[in-house]
Amino acid sequence: MNATGSAAVGAAGVAVVGMSNGHVSSNGHASAPPTTLAKALNMGLRASMENDPKVLVMGEDVGKLGGVFRVTDGLQKDFGEHRVLDTPLAESGIIGAAVGLAMRGYRPVTEIQFDGFVFPGFDQIISQLAKMTFRTQGRVKMPVVVRIPYGGGIGAVEHHAEAPESFFCHIAGLRVVTCSNAADAYFMIQEAISCDDPVVFFEPKRRYWEKAPLDVGAVVGSTFSSAIRRTGTDVTVVSYGPSMPVLQAAADAAAAEGRSLELIDLRTLSPLDLDPVLESVRKTGRLVVVSEAPRESSITGDIAARVMEEAFYSLAAPVLRVAGMDTPYPPSKLEEYYLPDLDKVLDAVDRVLAY
Amino acid sequence: MNATGSAAVGAAGVAVVGMSNGHVSSNGHASAPPTTLAKALNMGLRASMENDPKVLVMGEDVGKLGGVFRVTDGLQKDFGEHRVLDTPLAESGIIGAAVGLAMRGYRPVTEIQFDGFVFPGFDQIISQLAKMTFRTQGRVKMPVVVRIPYGGGIGAVEHHAEAPESFFCHIAGLRVVTCSNAADAYFMIQEAISCDDPVVFFEPKRRYWEKAPLDVGAVVGSTFSSAIRRTGTDVTVVSYGPSMPVLQAAADAAAAEGRSLELIDLRTLSPLDLDPVLESVRKTGRLVVVSEAPRESSITGDIAARVMEEAFYSLAAPVLRVAGMDTPYPPSKLEEYYLPDLDKVLDAVDRVLAY
Amino acid sequence: MVNQQWIDSLTTARGVKERGATGAGAAPTPTMAPSPSQVIAGLKATSGGENLIQVLNPEGEFTPHPDYPLDVSAEDFPALLKGLYRDMVLVRRFDREGNALQRQGQLSIWVPLLGQEAAQIGAGRALEPQDMAFPSYREHGVAWCKGIDPTELLPIFRGTEHCGWDPVATNFAGYCIVIGNQVINATGYAMGQRLDGAVGPSETSHRPSEATIAFFGDGATSQGDVHEAMVFAAAYDAPVVFYCQNNQWAISEPVERQSRIPLFNRAAGYGFPGVRVDGNDVLACLAVTRWAMDECRSGNGPVMIEAFTYRMDAHTTSDDPTRYRQADEAQAWKLLDPIERVRVHLARNGLADAAFFDQIEAEADELAVRFRAFCIGLTTPAPDRMFSHVYSEPHHQLDTQQAEFRSYLDGFEDETAVHA
Amino acid sequence: MVNQQWIDSLTTARGVKERGATGAGAAPTPTMAPSPSQVIAGLKATSGGENLIQVLNPEGEFTPHPDYPLDVSAEDFPALLKGLYRDMVLVRRFDREGNALQRQGQLSIWVPLLGQEAAQIGAGRALEPQDMAFPSYREHGVAWCKGIDPTELLPIFRGTEHCGWDPVATNFAGYCIVIGNQVINATGYAMGQRLDGAVGPSETSHRPSEATIAFFGDGATSQGDVHEAMVFAAAYDAPVVFYCQNNQWAISEPVERQSRIPLFNRAAGYGFPGVRVDGNDVLACLAVTRWAMDECRSGNGPVMIEAFTYRMDAHTTSDDPTRYRQADEAQAWKLLDPIERVRVHLARNGLADAAFFDQIEAEADELAVRFRAFCIGLTTPAPDRMFSHVYSEPHHQLDTQQAEFRSYLDGFEDETAVHA
Ligand SMILES: Cc1ncc(C[n+]2csc(CCOP(=O)(O)OP(=O)(O)O)c2C)c(N)n1
Ligand SMILES: Cc1ncc(C[n+]2csc(CCOP(=O)(O)OP(=O)(O)O)c2C)c(N)n1
Ligand SMILES: [Mg+2]
Ligand SMILES: [Mg+2]
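Residues numbered from 1 in each chain as written. Chains lettered and ligands numbered in written order. Predicted model: local features only at pLDDT ≥ 70, side-chain atom pairs only at ≥ 80, totals over all residues. Heavy atoms only, no water.

K.L.:
Quick one: what's the story with the overall build of chain C, residue by residue and with numbers?
P.N.:
For chain C, the helix and strand inventory stands at 16 helices and seven strands. Buried residues in chain C amount to 65% of all 420 residues. Considering only intrachain contacts with a sequence separation of at least 6, the fraction spanning at least 24 residues in chain C is 75%. Here chain C has roughly 14,000 Å² of accessible surface; of this, 53% comes from carbon and sulfur atoms. (Helix = DSSP H or I, 4+ residues; strand = E, 2+ residues; numbered from the N terminus. Buried < 20%, exposed > 50% of the residue type's maximum accessible area, 1.4 Å probe, protein only. Contact = heavy atoms within 4.5 Å. Areas by Shrake-Rupley, 256 points an atom, 1.4 Å probe, with all protein chains shown as cover.)

K.L.:
Please provide a residue-by-residue account of the interface of chain B and chain C, values included.
P.N.:
With 47 residues of chain B in contact, the opposing surface of chain C contributes 43 residues. Ranking the residues of chain B by area buried against chain C places Leu89, Pro331 and Lys333 of chain B at the top, with a combined share of 17%. Across the contact surface, chain B and chain C share one salt bridge. Note that Arg323 of chain C and Asp73 of chain B form a salt bridge whose closest N and O atoms lie 2.5 Å from each other. Run the count over chain B and chain C and you get 15 residue pairs in polar contact (both at pLDDT 80 or more). If you list the elements that add at least two residues to the side of chain B that touches chain C, you get α12 (335–338) and α13 (342–353) of chain B. With six residues, the top contributor of residues to the side of chain B that touches chain C is α13 of chain B. (Buried area = accessible area lost by both parts, 1.4 Å probe. Salt bridge = Lys/Arg side-chain N within 4 Å of Asp/Glu carboxyl O. Polar contact = N/O pair within 3.5 Å; in protein donor to acceptor, adjacent residues only side chain to side chain.)

K.L.:
Break down the site of ligand 1 for me, citing the residues and quoting the values.
P.N.:
For ligand 1, the set of nearby residues contains 20 residues, the closest of which are Glu91 of chain B together with Tyr137, Arg138, Ile177 and Trp249 of chain C. The environment around ligand 1 is built from residues contributed by chains B and C. Taking Asp218 of chain C, its side chain carries an N or O atom lying 2.8 Å from an oxygen atom of ligand 1. Contact between ligand 1 and Gly219 of chain C: an oxygen atom at 2.8 Å from a main-chain N or O atom of the residue. For ligand 1, the accessible surface in isolation is 580 Å², of which the surrounding protein chains cover 96%. A breakdown of the residues in the shell around ligand 1 according to their chemical character gives 10 nonpolar, six polar and four charged. (Near = heavy atom within 4 Å. Nonpolar A, V, L, I, M, F, W, Y, C, P; charged D, E, K, R; others polar.)

K.L.:
Go over the site of ligand 2, please, and point to the residues and values.
P.N.:
Every one of the 20 residues lining ligand 2 counts as a neighbour, but Glu91 of chain A together with Tyr137, Arg138, Ile177 and Asp218 of chain D are closest to it. Of the chains in the model, those with residues near ligand 2 are chains A and D. Within the side chain of Arg138 of chain D, one N or O atom sits 2.7 Å away from an oxygen atom of ligand 2. Relative to its free-state accessible area of 580 Å², ligand 2 is covered by the protein chains to the extent of 96%. In terms of residue class, the shell around ligand 2 is made up of 10 nonpolar, six polar and four charged.

K.L.:
Requested: an account of the sheet that holds strand β16 (residues 320–324) of chain A, with residues and values cited.
P.N.:
All names here are of chain A. Strand order in the open sheet formed by five strands is β11-β13-β12-β15-β16, and the pairing between neighbours is mixed. What marks the edges here is a single partner per strand, and that holds for β11 (227–230) and β16. Each neighbouring strand pair of the sheet contributes to a mean axis angle of 25 degrees, computed without reference to strand direction. Where β11 meets strand β13 (residues 261–265), three bridges bridge the pair, whose relative direction is antiparallel. The residue bridging Ala227 from the neighbouring strand is Asp265, located in β13. (Pairing = 2+ DSSP bridges. Axes fitted to C-alpha atoms, helices over the stretch in contact; angles between N-to-C directions.)

K.L.:
Account for the coordination of the magnesium ion (ligand 3), naming residues and giving values.
P.N.:
In the first shell of the magnesium ion (ligand 3), the protein supplies Asp218 of chain C (OD), Asn247 of chain C (OD1) and Trp249 of chain C (O), at 2.1 Å from the metal. Mapped onto the polypeptide sequence, the residues donating to the magnesium ion (ligand 3) form the spacing pattern D-x28-N-x1-W. (Donors = N, O, S within 2.8 Å, 3.2 Å for Na, K, Ca; no water.)

K.L.:
So what's going on with the environment of Ile148 of chain A? Which residues, and what values?
P.N.:
All names here are of chain A. By secondary structure assignment, the location of Ile148 is in strand β7 (residues 145–150). A sequence separation of 107 residues divides Ile148 from Ala255, and the C-alpha atoms of the two residues are 34 Å apart. Not counting chain neighbours up to four residues away, the residues in contact with Ile148 comprise Ile112, Phe114, Asp115, Val118, Phe168, Val200, Phe201, Phe202 and Glu203.

K.L.:
Quick one: what's the story with the coordination of the magnesium ion (ligand 4), residue by residue and with numbers?
P.N.:
Residues and elements named next belong to chain D. With distances of 2.1 Å, the protein atoms coordinating the magnesium ion (ligand 4) are Asp218 (OD), Asn247 (OD1) and Trp249 (O). Counting the intervening residues between successive donors of the magnesium ion (ligand 4) yields the motif D-x28-N-x1-W. Each member of the pair, Asn247 as well as Trp249, is classed as buried.

K.L.:
I'd like a description of the packing of aromatic side chains, backed by residues and values.
P.N.:
Overall, the coordinates contain 86 aromatic pairs over all chains when judged by the stated rule. When the ring of Trp165 of chain C is compared with that of Phe172 of chain C, the centres are 5.5 Å apart and the planes differ by 45 degrees; the resulting orientation is tilted. The two residues Trp165 of chain C and Phe172 of chain C agree in class, both being buried. Geometry around Phe134 of chain A places Arg385 of chain C over its ring, the cationic atom sitting 4.4 Å from the centre. (Phe/Tyr/Trp six-rings, centres within 6.5 Å; stacked < 30°, edge-to-face > 60°. Lys NZ or Arg CZ within 6 Å of the ring centre and 35° of its normal.)

K.L.:
Can you lay out the sheet that holds strand β9 (residues 199–204) of chain B for me, pointing to particular residues and giving the numbers?
P.N.:
All names here are of chain B. Strands sit in the order β5-β4-β6-β7-β9-β8-β14 across an open sheet of seven strands; the sheet is mixed. Strands with a single pairing partner mark the edges of an open sheet, and in this sheet they are β5 (84–86) and β14 (268–270). Strand-to-strand twist of the sheet, defined as the mean angle between neighbouring strand axes without regard to direction, takes the value 20 degrees. As paired elements, strand β8 (residues 175–178) and β14 share two bridges and run antiparallel to each other. Following the sheet pairing, Val176 is matched in β14 by Ser270. This element, helix α4 (residues 91–103), spans β4 (55–59), β6 (107–111) and β7 (145–150) of the sheet and lies at about 170 degrees to β6.

K.L.:
So what's going on with unusual backbone geometry? Residues and values would help.
P.N.:
Going from Ser270 of chain B to Pro271 of chain B, the amide bond is cis rather than trans, its omega being -5 degrees. Position of Pro271 of chain B among the secondary structure elements: in the loop between β14 and α10 (275–284). Following Gly301 of chain C, the chain continues into Pro302 of chain C via a peptide bond in cis, with omega recorded as -5 degrees. Along the chain, the position of Pro302 of chain C falls in the loop between α12 (282–297) and β7 (303–308). With a phi angle near 50 degrees, Ile251 of chain D is a residue other than glycine that sits in the positive phi range. As for its position among the elements, Ile251 of chain D is in the loop between β4 (249–250) and β5 (253–254).

Spelled out as structure tokens, the structure:
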């Protein structure tokens, strides 16, 4: 059994090739300074706050402490307490207040401290944040970002290692995106903030400290698009966020066995940018979808169903899923069994090739 | 354009053939008195309360008023205020208190007034109700039922016509079931109450007043199982709850055109009872899944993905989905366009047969 | 500055102190909690209790309140009161028409405000154009004061739109159906007003100070969102007035199901002022709300107001109140009708003559006719409405879904007969 | 019966009344809301304010409180105090060992209770075996009193289980990490106690009366769930004590971010008693909690207690408090150490000799050794644990998933080398 790959993979970003809406952009340029994903988010937040005085940061412990992951480190010091708000300990209040602030013309970037704590704010997200624009015939825009550190593999106690992204993908009116490396983190958070729609922004917490080259001057297209991370011919493997380094490692291992994997980082989970996936599947005929989220009624099921709908005759095998178990997140000593890892991905590759 | 079929289909239950875990049970016996779905639930609740003094009913307006749909009508009068509790107006409080009552040995049956109002209670459902047993290594059981009237087609204002079942199917630790006719309603609510696990019980609100024969003395197996409602050879059509009468109408219309549909009422959404579906698909080679829920990251995607995984070579066509739109629920004058209806089902049957 | 004193006054306001005074406390002392019947007696008494702010009593007698002056000269008083009378009569009239339209199948539901005209007009007329209001779903009277034409309320209840007006242009948010949600949204908006520098005397701009008002019911006070709204507002000194219309009922549940004691007391738990006003006294509602909004505009928010009133009709047209409340309760409240006392005062004091009352009646009739005609003429938007404004920015996936749906619909136009 | 009086006393406890008294209220009156600095001064003062119930002061001087007697004879007093001292020393000792084990990589996290020993032991020792307790995640001292062996706390923090004890057998619920959730669960449990007839003098059974206690922090008071818990408890007269340990911080946020005024005032907003007790005074915590539990057991619940204390260590071992608070604050609180004052009282009054203190030290050392050994010996459960107890009844789908996973794992055992 292998661990979930964080150590083994290392600076996964080095291999990053960002492909956005057809044009390749190498935001992983090798001469760019290596930056942690957390720091890149911090830099992106800072850039957005400098560009637009209406951008606010709000959440629990985001001020002096800089957030429990230090993503907002130094922002309150530099922008003041009126731009970076430590809030009372209440997530419905955080989202609900952000909705009101957005109606007033602000662009609040809210932080949920851990994935498992978004649920007290779920009602405000689904009932107000997601529906407000539709309800008011577009008269009230909701440029709110909900940042959520997510995923497991950090040895944490209950509620600190969940992958709740599928819930949000099921909510019309939201956009759901996630980054997997520093360069994307920097550009995607800015794109999220400048978007007039509410964006749920998932941050792969166990990758916060992984470094990748970040060229802040790079010209990038929309980062809310699928990115082909490695081209290959035998099997398409699709994932996002925390599992991308696992995919890289799997592709390396598979290559050593003579198998060529094509890797796609979805980046946007709702809406999906499915064309690159379909194109790839038309080539390889085989698809494995990897996600930490439990399998039932999830984003992975949706991807499988849609690929079947749109590329039925191209599929030489069923779409296989490597997902979290359909159990509550286990005690952390067992998380290596729960999470998708190198072996599980390779096992799925074996199985999908066996058809 | 046809309406959603409620009028056209009428006493859909007449055609009901309940098949539970392999043994056929005709709980739709023709000599049994016709009963509305709402009344059947009321009778089932009453039976459970009589059988077990630990069963409580709690929610907003469930007492004197008998619930806005009268499902709890007369229960407070007959069982007293200590068995049927009108609660303060707070859903997190309702679920959270039910969790505590269950720890104390009670079996609370909570009512959420409408689908759109379950979200203030979502956190308690996911963080406590669903996880408590796992957390405590089985020492604390959670025999709590969360009753939710769901689905559209009643001309209601916002938040009163949603189909949130997929959210709950994505939560490990819960069971999710739904009834489509009076007989199932009567037996399923009792099975839910007697289950030691938390059960989210979805009630198709626009079918509350539809009558079907109810033989309370019928011998039924577990009702938490898929039921084949009509056998056919050309296409398998699967749904649950409010859409079942639509399926019946579609099967009639298709029959008139010489097409034979096999209809399956899932009844249990989590876990799915997939064997009857797979068996059917192995016969027909074609599957249409119908649900009012939006399509993204939903139960329909999961069904499609799993059928592909387990019956890949049997599929002559992709699994097609007839679902709610990926939009917020529209103003009610437009709901006939939003909801699956006879025409949409037949259109999908046409398309799946065109492969 | 009396702050510390005021805080102290709050902090001694707890049962224990009183309790301790009654005995040594050695053994479990006699019941401190009020019995259910006492609670009911205290809460459901139509008098509203001793703390009720009232300036125009049910008999039409006017007694100004020293703490909540109306800020109107004797000369202007008749016009003020006649204006409020007109507001209430017109609002009641279209409210009744809404009920009738539902009965006749023209609306799928109507939410009556009958009995709450004073609570809403009093509050609504205390608002300046720059003030923001967050309603629940029953605030037709506040909408009226905010310049929303009554016909704009109809699309929601006919099912043609989820919101018929422009919340930005009118400073009146969309109706909010999920109980309590709007209250924390209001706090957020008010936080924005403060961040904008629109609160308190401004040195840099000449724009008038602003505040926000959030409307909610007695039942709503139990929701976590209302609590969090108050916590946030207190934490950020947000200029928001929490205006609770205690109409005694949350559908079938009486207010004592939500609280043992009068609801305005909640404010003290958060450290801001709470006032109970006679919600059937339009002048008191106006005076108290003006005071509260001024407090907020000048930076002393938040403030809570409990308007003690009564839901004289059903919860909505779908509701049947005979199942849960006695007719005599409604009879008792009828004597406290919010419009009647104003009519009596105007007539008895010669402030208005028969012609005035006739003219308002005529105006009400006209409004009702226009309201009805507009309702019946309201058309259903094209199915494409479903897909519009889900997002403000382009969304290829939804565009595809829309295109597919379009061509599916077009298929029917091609055929002469559709399925079945 | 003083109920009406008591209700009235609550209902006058609002800013407006005081406010009105200061002037005519014609124009916006001077600021009523406390300024941030005043709030901070009032809340962060280590004295806890005038309302603080204290019987053993930081200098170790004992002054019984008339309202909250200890119900102990002079003869038994030394044993009581020595017992509490022993509890606090032992609990502090294994708490420090928990910290050390985390530093040494044996635990993935530890949540220190340092400084809150009195708040927890005082409350914990007020509980009878039949009473139910709902902790958050820091209540190691309450667990101790409930008979949970300290080693049973380790699995959570080592990541081998989500709960190491039996909540049913111990009447101590599992730790709750989602802030506020457990408080409404506690109310529900207490509602059940009442429904069972386990509250108040019972004519039909001889079983002792019961109550429930819910533990939560100052930060938690902002959560909707805590509000709803109080609303439900008041509505159903639930026998639950809301025990808020105000340790001045919610991670990096000081308590004034959650409230302008002392937290015990919240109770008045719901119509039940609220008390602020010196949370570093174990005798006061014991006396006040006993009183509160007795109130609840005899049917007069709910009651709120705010234990005014201090988190002397980091929030958890993952936290770095130097980023947000000054060292001198911790220094000031060090003078108020909950154990030290008991030691002083015992020593100065000759209630305990050196041998006693030595013996407790030795016992603490032993406990620490046992705690550490147990921790290091804790093994990871088999992967199958993931699938067990997800449901209480059979679940074919999960069984299938488990079987598939089992055979996937078995695949590795067959191979000599696994992938990469
Ligand atoms: C979260 C939520 N739960 C339940 C409902 C259903 N519901 C609609 S109105 C209502 C009662 C509201 O009572 P109150 O707050 O007193 O306002 P009123 O209707 O009396 O004006 C309820 C329970 C809802 N709309 N939202
Ligand atoms: C719903 C939720 N939001 C956020 C968190 C993260 N979190 C853990 S402890 C904590 C602070 C709690 O402060 P307080 O209630 O004062 O308790 P204390 O830790 O001081 O004992 C926060 C924000 C959480 N566990 N749950
Ligand atoms: Mg009401
Ligand atoms: Mg704290």
